[in-house]
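Next come the chains, spelled out residue by residue.
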Amino acid sequence: MLTIGHCTLEAQVADITTLDVDAIVNAANMSLLGGGGVDGAIHRAAGRELLRECETLGGCATGDAKITRGYRLPARHVIHAVGPVWHGGARGEAGLLASCYRRSLELAQQAHLRSIAFPAISCGVYHYPPDDAVHIAFATVIDTLPHASGIERVVFACFDDAMFDRYERELAARRDQAPPSKPA
Ligand code: AR6
C-alpha cells in the first residue's frame, strides 16, 4: 500500500470481477463486443445487458477508453480500455498503453468516481512484456493522479503471484523515494 495525496494505491491477487469498487477497467479490444481473458470474465459476470450497452458505443480506438454501467458486477461501472498489441515496441506501444491508464482515470474523474481497479492491460493475449507494462501502469497512474483529485483508491488486480510481485516492487521503489519523515 502507498498513499499519494488523498489516494491509496495497492496491489491485490484477485479476480477483478469480484471487486467492490466504483469502476473496474476492462482490457478490451477495439470492437468493445467482448473476447477472452479478463474481457470475457467481465462480460460473463456482468450479464447480457453489458454487451447491449457496448453495442451502442461504436467501438473504441487503441489507447482510448469508454465507460458503461456495471450491471450484475459488484462494481458500479466498467471502463473499457483498449491496450496495444505488442509488436516489439517500435509501434508506439508504450504511449498507447500509458494512454489507457490516463484515459481511464480521466473518465473516472469525470463520472465522480472514487475507487478504480485495473487489470494488467495488454499483458495477456496482447503479449506486452509484463515488467515494462507494470512500470508504465504504475508511473502513469502516479503522474495522472494530480489531475484526478476525486480518486481515493486505485487497485492493481493481479491474476497471479508473479504479476503481484511486479506491482509490489514498484510500490516499494516508490516508497523508498518518499522523503524521510522529519525527526520529532
Ligand atoms: N481478473 C484480473 N486479471 C485477469 C483476469 C481476471 N478475471 N483474467 C485475466 N486477467 P488479457 P490483453 C489478467 O488477455 O492482453 C481479450 O480477448 C491476465 O492474466 O485479458 O489486454 C480482449 O477482448 C493478464 O495479466 O488482455 C482483447 O481482444 C491481464 O489480465 C484481448 O484479449 C490481461 O490479459 C486483450 O488482451
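I will try to describe carefully the structure that is included in this document.

Calculation rules
Residues numbered from 1 in each chain as written. Predicted model: local features only at pLDDT ≥ 70, side-chain atom pairs only at ≥ 80, totals over all residues. Heavy atoms only, no water. Near = heavy atom within 4 Å. Polar contact = N/O pair within 3.5 Å; in protein donor to acceptor, adjacent residues only side chain to side chain. Areas by Shrake-Rupley, 256 points an atom, 1.4 Å probe, with all protein chains shown as cover. Helix = DSSP H or I, 4+ residues; strand = E, 2+ residues; numbered from the N terminus. Nonpolar A, V, L, I, M, F, W, Y, C, P; charged D, E, K, R; others polar. Phe/Tyr/Trp six-rings, centres within 6.5 Å; stacked < 30°, edge-to-face > 60°. Buried < 20%, exposed > 50% of the residue type's maximum accessible area, 1.4 Å probe, protein only. Expected span 1.5 Å × (residues − 1). Arc of directions from axis to C-beta. Contact = heavy atoms within 4.5 Å.

1. Things to note about the site of the ligand
Okay, step 1: Surveying the vicinity of the ligand reveals 22 residues, the closest of which are Asn29, Gly36, Asp39, Ser122 and Gly124.
Okay, step 2: A distance of 2.8 Å separates an oxygen atom of the ligand from a polar backbone atom of Gly124.
Okay, step 3: Taking Val125, its main chain carries an N or O atom lying 2.9 Å from an oxygen atom of the ligand.
Okay, step 4: Taking 710 Å² as the accessible area of the ligand by itself, protein coverage stands at 89%.
Okay, step 5: For the shell around the ligand, the secondary structure elements donating two or more residues are strand S3 (23-28) and helix H1 (37-46).
Okay, step 6: By residue number, the principal contributor to the shell around the ligand is H1, which donates four residues.
Okay, step 7: A class-by-class count of the residues in the shell around the ligand yields 13 nonpolar, seven polar and two charged.

2. Digging into the packing of aromatic side chains
Okay, step 1: Enumeration over the complete set of coordinates arrives at five aromatic pairs.
Okay, step 2: Ring geometry for Tyr101 against Phe118: centres 4.8 Å apart, planes inclined by 40 degrees, an arrangement best described as tilted. Of the two residues, Tyr101 sits in helix H3 (residues 93-110) while Phe118 sits in strand S6 (residues 115-118), which places them 17 residues apart along the sequence. Each of the two residues, Tyr101 as well as Phe118, counts as buried.
Okay, step 3: For the pair Phe118 and Phe156, a centre-to-centre distance of 6.3 Å together with 25 degrees between the ring planes defines the contact as stacked. Taken together, the positions of Phe118 in strand S6 and Phe156 in strand S7 (residues 153-158) put the pair 38 residues apart, joining distant regions of the chain.
Okay, step 4: The class for Phe118 is buried, based on a relative accessible area of 0%.
Okay, step 5: One aromatic cluster is present, built from ring pairs that chain together Tyr101, Phe118, Phe138, Phe156 and Tyr167.

3. Let's talk about helix H5 (residues 161-177)
Okay, step 1: Across its 17 residues, H5 extends 24 Å between first and last C-alpha, which sits within 8% of the 24 Å expected from 1.5 Å per residue.
Okay, step 2: Within H5, burial applies to Met163, Arg166, Tyr167, Glu170 and Leu171. When H5 is viewed along its axis, its buried side chains cluster within an angular range of 130 degrees and face the same direction. Turned more than 90 degrees from where H5 packs its buried face, Asp161, Arg169 and Asp176 sit exposed.
Okay, step 3: Those residues of H5 that are buried are in contact with strand S1 (2-4), strand S2 (7-13), H3, helix H4 (130-144) and S7.
Okay, step 4: The residue sitting at the N-terminus of H5 and contributing the capping side-chain oxygen is Asp160; that oxygen lies 3.3 Å from the backbone nitrogen of Ala162.

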